[in-house]
Amino acid sequence: MAFDESVAKIHLNKLIKALGTIHSNLSILQPEDIESLGYLLTVQDRPLATEETKQKARQLKESSHQKYSTKHKEISEALSDITGKIENFTKDAESFNFYKQQCVSNGQLKNLLGKFRGGSASSSSSSTTRTGSTSRPTSGGTSRPTTGGTTRTTSGGTARPTSGGATRPTSGSTTRTTSGGYSRPTSGGSTRPTSGGTHTGTRKKSGGRRFLIFLLVIGAFWFGYKLTKEKNYVKNIKEEELFQGNDYEKQIAVLDSIILESNKRQAKKLQEFRDERESIWMEEMISDLRDAFSTQSSESQVQTAAKYKTKDSLRYIDKLLTKAEEKMKDSPENEEIQEYRKTFNKLIKRYRIKL
C-alpha cells in the first residue's frame with residue numbers, strides 16, 4: 001500500500017497518546033523494558049534499520065503483554081501501540097522520513113520524546129551484608145564464636161569443626177567392638193573393631209534394584225530429550241520472519257494450519273502463542289478504531305477523511321471495522337463497534353463517497 005499521509009497522521013496521534021500514558025506511569029516499567037523503549041524512541045537519530053527495529057519492538061510487545069496486561073492493562077495497551085506505530089514508521093524510507101520530520105516539527109511529539117530522554121534513567125539501589133562474630137562461653141569455661149568459622153571447646157577435651165571449617169571438641173564416650181562382634185565404650189569418643197569384629201553398616205544392592213535404577217535414568221533422559229525437542233520446535237516457529245511483524249491476520253492463519261499438523265504437546269504450546277497474538281491484534285484493532293472515531297478535537301479523523309474524500313484512509317477504516325465485526329462479535333466491545341459502523345455509514349452517505 002502506497003504511503004498515505006492522512007493514515008500516517010492517525011498513527012502519529014495514537015503514538016503521541018500512548019507516549020503520554022507511558023510517561024505518566026514510567027515508574028511501573030521494569031528496567032529492561034525502559035531500555036527497549038529507549039531504543040525505539042531514538043530510531044529517528046539512527047539510519048533506518050527495519051529488521052532490527054521489528055525485533056526490538058516484538059520483544060517489548062511480548063514482554064509488556066506478559067508483565068502488565070493483567071494488573072496494568074492501560075500500560076500494556078500503550079506499549080503495544082508504541083511498538084506497532086514505530087514498526088509502521090520504520091517499514092520503508094518514505095514512512096521513516098515522515099516520522100523524522102514530525103519528531104522535529106510536531107511540538108507535542110518533540111516535547112514527549114525530550115521528556116523520555118531526560119527521565120527514563122533508572123537508579124539502582126544496592127544493599128550490603130556484614131557478619132559479625134561474637135563469642136559465648138560453653139561448658140568447660142572456654143568460648144566459641146557464633147559466626148566466623150573458628151573453634152569452640154565443649155566438655156570432653158577434643159574438638160570438631162564449627163561453622164567455617166575449624167574444630168570443636170565433642171563430649172561423651174563411644175564404643176569399640178570386642179571379640180565376638182560386640183562393642184564397648186572407649187575413652188576418646190571413637191569406635192574401633194577388635195579381633196573377630198564384623199562391620200554390618202552396608203548392604204549390597206540387588207541386581208533387580210540396579211536394573212530398576214538404570215531404567216529410571218534412561219526414562220528420565222528420554223523424557224528430557226523429547227521435552228527439549230518440543231521446546232525447540234515451538235521456538236523455531238516463533239522466530240520465523242512472519243512472526244516478527246504485526247501482520248496478525250496472516251500469523252493466525254499460518255498458526256491454525258500448523259496446529260492441525262502438530263502433536264498434542266506441540267499443539268498446546270502453539271495454541272497459547274496463537275491466542276497471545278490474537279489478543280494483541282484485538283487490542284490494537286479496538287484502539288485504532290477509538291482513535292479514528294474520537295471527537296476530542298472537534299471532529300473525528302474519520303469525518304475529516306470523509307469531508308476531503310481521502311479514500312485510502314476510509315478504505316483502511318472500513319476494513320478495520322469489518323475485521324472487528326467478524327472477530328469481536330461476542331466480545332464486550334461489540335456494541336461499541338456497531339456504533340462506529342453506523343457513524344461510518346452515515347458519513348459515507350452524507351458525502352456521497354463510493355469506496
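As the structure is a computational prediction, the values presented were derived from the model and not from experiment.

Counting residues in hydrophobic clusters, the biggest one holds 31 residues, and the most contacted among them are L19, I22, L29, L37, I82, Y99 and L109. If you list the elements that add at least two residues to this core, you get α1 (5-24), α2 (31-40), α3 (50-68), α4 (73-89), α5 (93-105) and α6 (107-119). Setting aside chain neighbours within four positions, we find I82 in contact with L15, A18, L19, I22, L37 and L41.

Here the structure, examined in full by the defined rule, presents 4 aromatic pairs. Relative to F98, the ring of F89 lies with its centre 6.0 Å away and its plane at 35 degrees, an arrangement referred to as tilted. Judged by its relative accessible area of 1%, F89 is buried. The exposure class of F98 is buried, given its relative accessible area of 6%.

Averaged over all residues, the pLDDT of the chain equals 77, while 69% of them reach at least 70. Mean pLDDT per element in the chain: strand β1 (residues 135-137) is the minimum at 44, and helix α12 (residues 334-350) is the maximum at 95. Counted against residues more than four places away or in other chains, residues 121-191, with its pLDDT under 50, gives 114 contacts. In the model, residues 193-202 has pLDDT below 50 throughout and makes 12 contacts with residues more than four positions away in sequence or in other chains.

What follows covers the environment of L255. With respect to the element layout, L255 can be found in helix α8 (residues 248-261). As for L255 and A267, which are separated by 12 residues in sequence, their C-alpha atoms are 9.5 Å apart. With sequence-adjacent residues up to four places away left out, L255 is seen in contact with I237, F243, L270, F273 and R274.

What counts and how
- In every chain, residue numbers begin from 1 and rise along the written sequence.
- The predicted origin of the model limits local features to residues at a pLDDT of at least 70 and limits the giving and counting of side-chain atom pairs to 80 or more, whereas totals for whole chains, interfaces and linings rest on all residues.
- Hydrogens and waters are ignored; side-chain quantities use all the structure's heavy atoms.
- Here the nonpolar core consists of buried residues drawn from Ala, Val, Leu, Ile, Met, Phe, Trp, Tyr and Cys, with membership extended through side-chain atoms lying within 4.5 Å.
- The buried label applies to any residue whose accessible area, calculated with a 1.4 Å probe on protein chains only, is under 20% of its type's maximum; exposed applies above 50%, and partly exposed to all values in between.
- Put simply, DSSP H or I for four residues or longer makes a helix, DSSP E for two residues or longer makes a strand, and each gets a number counted from the N terminus.
- Residue contacts are defined here by distance: any two heavy atoms, one from each residue, within 4.5 Å place the two residues in contact.
- Only the six-membered ring of Trp is used, alongside the rings of Phe and Tyr, when aromatic pairs are assigned; centres must lie within 6.5 Å, and planes under 30 degrees apart are stacked while those over 60 apart are edge-to-face, with the rest tilted.
- What pLDDT conveys is the predictor's confidence in a given residue, as a value from 0 to 100.

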